[in-house]
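The residues making up each chain are set out below.
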Amino acid sequence: ATTKARHYLTQAGEMTERALAHEEAARYYLAAAELADDLPRRHEVELLAVGCMISAGMFTPALQISRRVNEHSDDPSVRLAAAVSYEQAARHFGGAGAMEMLSDALRDYGADYDDVAYLWGLASLSRAMASVGAPDSAPSWALRFSEARSRDRQATIASRHHREGP
């Protein structure tokens, strides 16, 4: 019964999110997270709620949940996602704490310029550095991000060319 309830609450969250009812979607996701069978699933659904909270302008609870997920997860990819969410909410308060959280999460995640999650992390770190008054460092991160995106575009074009022929 709990599994079905969690499934329906998650589905309700997805539907209300598509309808741009972000605050309501966040409530459904949080209710589904409460019914999660394990911590990784709970964190996954809580981060869905955080995304909706940010869209709804609910920055303080988004910060709190993002920080908690980042602190309690053993999965580097979940910690990175939580740190990126934290930065998105924190920028409305001057970005405090986001730079350190992102730096730690990126270090634990491991550098991979072909990984979209890593690139999102770098972009968030650049914004966090700029917002807390470390803009001199931000351009180097932004340059790496830009270079990685360029490589990705070139690989996509080459792949299409190979599939479709000359």
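Below you will find a few notes about this structure. (Residues numbered from 1 in each chain as written. Predicted model: local features only at pLDDT ≥ 70, side-chain atom pairs only at ≥ 80, totals over all residues. Heavy atoms only, no water.)

### A closer look at the environment of S55
Alright, step 1. Looking at the element boundaries, S55 is found in helix α3 (residues 39–56).
Alright, step 2. Measuring from C-alpha to C-alpha, the distance between S55 and E23 comes to 8.1 Å, with 32 residues separating the pair along the chain. (Helix = DSSP H or I, 4+ residues; strand = E, 2+ residues; numbered from the N terminus.)

### Structural notes on the packing of aromatic side chains
Alright, step 1. The full count for this structure, using the stated rule, is three aromatic pairs.
Alright, step 2. Aromatic pair F59 and F93: ring centres 6.4 Å apart, planes at 85°, arrangement edge-to-face. Here F59 is found in helix α4 (residues 59–72), whereas its partner F93 is found in the loop between α5 (76–90) and α6 (98–109), with 34 residues between them in sequence.
Alright, step 3. Look at F59 and you get buried, because its relative accessible area is 17%.
Alright, step 4. Geometrically, the ring pair formed by Y109 and Y118 is stacked, given 6.5 Å between the ring centres and 15° between the ring planes.
Alright, step 5. Accessibility expressed as a relative area gives 23% for Y109, which makes it partly exposed.
Alright, step 6. Each member of the aromatic cluster is reached from another via a ring pair, and the members are Y109, Y113 and Y118. (Phe/Tyr/Trp six-rings, centres within 6.5 Å; stacked < 30°, edge-to-face > 60°. Buried < 20%, exposed > 50% of the residue type's maximum accessible area, 1.4 Å probe, protein only.)

### Quick look at the packing of α3 against α4
The relative placement of two packed helices is expressed as an angle between their axes plus a distance between the axes.
Alright, step 1. Packing of α3 against α4 brings their axes to within 9 Å, and their N-to-C directions diverge by 155°. Regarding the angle of α3 to α4, the classification is roughly antiparallel. For α3 against α4, the interelement crossing comes out left-handed. Contact residues: α3 offers L39, H43, E46, L47, V50, M53 and I54, while α4 offers F59, P61, A62, I65, S66, R68, V69 and H72.
Alright, step 2. A breakdown of the residues in the contact of α3 with α4 according to their chemical character gives 10 nonpolar, three polar and two charged. (Axes fitted to C-alpha atoms, helices over the stretch in contact; angles between N-to-C directions. Parallel < 35°, antiparallel > 145°, perpendicular 65-115°, else oblique. Left-handed = near helix turned anticlockwise from the far one by under 90°. Contact = heavy atoms within 4.5 Å. Nonpolar A, V, L, I, M, F, W, Y, C, P; charged D, E, K, R; others polar.)

### Some points on helix α2 (residues 22–34)
Alright, step 1. The terminal C-alpha atoms of α2, which comprises 13 residues, lie 18 Å apart, in line with the 18 Å expected from a rise of 1.5 Å per residue.
Alright, step 2. Residues H22, A25, A26, Y29, A32 and A33 constitute the buried set of α2. Along the axis of α2, the buried positions cluster into a sector of 125°, meaning they face one direction only. Relative to its buried face, α2 has exposed residues pointing more than 90 degrees away, namely R27 and E34.
Alright, step 3. On its buried side, α2 packs onto α1 (2–18) and α3. (Expected span 1.5 Å × (residues − 1). Arc of directions from axis to C-beta.)

### Quick look at the pattern of salt bridges
Alright, step 1. This structure, assessed with the given rule, holds 12 salt bridges.
Alright, step 2. Taking the shortest distance from any N to any O, the salt bridge between E44 and R41 comes out at 2.8 Å. Of the two residues, E44 and R41 both sit in helix α3, three residues apart, roughly one turn of that helix.
Alright, step 3. Residue R41 is classed as partly exposed on the basis of its relative accessible area, which comes to 26%.
Alright, step 4. E71 is the partner of R67 in a salt bridge, and the nearest nitrogen-oxygen pair spans 3.8 Å. Of this pair, R67 and E71 both sit in helix α4, four residues apart, which is roughly one turn of that helix. (Salt bridge = Lys/Arg side-chain N within 4 Å of Asp/Glu carboxyl O.)

### Overview of the side chain of T16
Alright, step 1. Structurally, T16 is set in helix α1.
Alright, step 2. According to the relative accessible area criterion, T16 is buried, its value standing at 13%.
Alright, step 3. Of note is the side chain of T16, whose polar atom sits 3.4 Å from the backbone nitrogen of A25.
Alright, step 4. When neighbours within four sequence positions are excluded, T16 is seen to be in contact with A21, E24, A25 and Y28. (Polar contact = N/O pair within 3.5 Å; in protein donor to acceptor, adjacent residues only side chain to side chain.)

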